[in-house]
Amino acid sequence: MEKKHFATKAIHGGYDPNEMKGSVSVPLFQTASFRFKSAEHGEKSFLGEEDGFIYTRIGNPTINVLEERIAELESAESGIAFSSGMGAISAVLIALTKANDHILASKGLYGSSFSLLKMFQEKYNISFSLSDFESEAEIRSHIKPETSVIYIETPINPTMKLIDLELVSRVAKEHDIPVVVDNTFSSPYIQRPIEHGCDIVVHSATKYINGHGDVIAGLAVGKKEWIDEIRATTLKDIGSVISPFDAWLMLRGLKTLPVRMDRHSDNAEYIVERLLKHPQVENVYYPTLDQSGIFEKQMARGGGVIAFELKGDKKTAQKLLNNISFINVAVSLGDTETLIEHPATMTHVVIPEEERRKMGISDTLIRLSVGLEDVRDIWSDLEAALNKL
Ligand SMILES: *Cc1c(COP(=O)(O)O)cnc(C)c1O
């Protein structure tokens, strides 16, 4: 598959129909365990001397196709699937850290990723610091002898700030620290961190990878030796395993990833243009508006998520959501449906107010995940809600 282009890999990656009785669609192996041919075959399977499946928590043919496909799409050696994005993130971070280590993370994180770091600190004395990752000197100033992971999001949820992946991986390499990137907001169609020198990519596949808002799942990709290690330890023993059916739905969603990401981006650009001119809107945050040159270096499109600040206060933000008609007031993102939410009181409420302000999450910040409906209808709903403020 090496020479195929992205859209072809999204449909065919990791799958050979000849190995599955010619089935054009990837078959669903909805089973917990796999029958051994003999006692000796069972013994060899457990010793790892023979390839084959044992138990779905350790491996399953449907899940394997998903894992190989996401690895191909992210330009990684190997991939692994989980029952949720947080399952993937926690498995990766637990595998890469030990008690008394230090994690350097981006100033601006998904709410549960932030509370996970807090839990590590309280339970295992794994400390963390937050960096803007703006310059080599600034990054270096946060690195300690015990720093064992750099963990970043870009674009940052929900402020849409960008971090230069090549800059971070260059500094990290000097100190031999692996860089883990949460690529949920972009998907590999828009941004492939491994190609910029990063080591591990994690996804909440609940979002754009699946794309239809009906499954919770997570993925991670990276060097084979790390992914094998995660499979044998934090996946096997903690067990946030994806169900074969959910993996099957992911494969179905992934086929249309390039088509969906282009339309999400087209629709979002249309909305951004209009939000910029609306008198009730104070600021608009979207990757293509970034002036630092990072967008051009690492992103193919802007994606479907827009953040904007209103003139007014928390009540104004809540009023906007109450004024909305068909757009869903709901968390999550990357669905076919347009979703609107208020980070300060919803997705990011777990982050203490002071930290939230430092991250740029004000009380009037709104996050909009632009869906695949007709963009004229999306804008007219949003515009009517803004006009009523
Ligand atoms: C949703 C999300 C997560 C968590 O993923 P789940 O699938 O809900 O567990 C992590 N990171 C980002 C950026 C997200 O948007």
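This text follows the structure it describes.
Definitions and limits used
- One numbering rule holds for all chains: residues counted from 1, following each sequence as written.
- Local features in a predicted model are, by the rule used here, given only for residues with pLDDT of at least 70; side-chain atom pairs are given and counted only at 80 or more, and totals for whole chains, interfaces and linings are based on all residues.
- With hydrogens and water excluded, all non-hydrogen atoms of the structure serve as input to the side-chain values.
- In this text, helices come from DSSP runs of H or I with a minimum length of four residues, and strands from runs of E with a minimum of two, each type numbered from the N-terminal end.
- In this description, contact between two residues means that some pair of their heavy atoms is separated by no more than 4.5 Å.
- Relative accessibility thresholds used throughout: buried, under 20% of the residue-type maximum; exposed, over 50%; partly exposed, between the two (1.4 Å probe, protein chains only).
- As used in this structure description, the phrase polar contact means that two N or O atoms lie within 3.5 Å; if the pair is within protein, one of them must be able to donate a hydrogen and the other to accept it, and residues adjacent in sequence are counted only when both atoms belong to side chains.
- Pairing between two strands requires that DSSP report at least two bridges joining them.
- Fitting a line to C-alpha atoms yields each axis, with helices limited to the stretch in contact; the angle taken between N-to-C directions then spans 0 to 180 degrees.
- In the sections that follow, a salt bridge refers to a side-chain nitrogen of Lys or Arg positioned within 4 Å of a carboxyl oxygen of Asp or Glu.

Topologically, glycine 360 is positioned in the loop between helix H14 (353-358) and strand S12 (365-369). Separated by 159 residues in the primary sequence, glycine 360 and valine 201 place their C-alpha atoms 24 Å from one another. Leave out the neighbours within four places in its chain, and glycine 360 touches Thr159, Glu309 and Leu365.

It is worth spelling out the side chain of aspartate 164 at this point. Mapping aspartate 164 onto the fold places it in the loop between strand S4 (147-153) and helix H7 (165-175). The exposure class assigned to aspartate 164 is buried, which follows from its relative accessible area of 11%. A polar contact is formed between the side chain of aspartate 164 and the backbone nitrogen of leucine 167, at a distance of 3.1 Å. With residues up to four places along the chain from it excluded, the contact list for aspartate 164 reads Ile294, Lys297 and Gln298.

Taken together, the 7 strands give an open sheet; going across it, the order is S1-S7-S6-S5-S4-S2-S3, and neighbouring strands pair in mixed fashion. With one partner strand each, in any of the chains shown, strand S1 (78-82) and strand S3 (127-131) form the two edges of the open sheet. Each adjacent strand pair in this sheet contributes to an overall mean axis angle of 20 degrees, direction not counted. Two elements, S4 and strand S5 (residues 179-182), share 4 bridges in a ladder whose sense is parallel. When the bridges of S5 are listed, isoleucine 152 appears paired with valine 181. Packed onto the sheet, helix H3 (residues 61-73) meets S1, strand S6 (200-204) and strand S7 (218-222) and runs at close to 130 degrees relative to S1.

Moving on to the pattern of salt bridges. Under the definition given, this model contains 21 salt bridges. Between aspartate 164 and lysine 297 there is a salt bridge, with the nearest N and O atoms lying 2.6 Å from each other. Remark: lysine 297 occurs in helix H12 (residues 294-298) and aspartate 164 occurs in the loop between S4 and H7; sequence separation between them is 133 residues. Judged by relative accessible area, which is 47%, lysine 297 ranks as partly exposed. Across the salt bridge formed by arginine 367 and glutamate 341, the nearest N and O atoms sit 3.3 Å from each other. A residue pair is termed long-range when its members are at least 10 positions apart, and arginine 367 in strand S12 and glutamate 341 in strand S11 (residues 339-341) qualify at 26 residues. Like glutamate 341, arginine 367 is buried. Three or more residues joined by partner-sharing salt bridges are found here, namely Glu136, Arg140, Glu166, Arg170 and Glu174.

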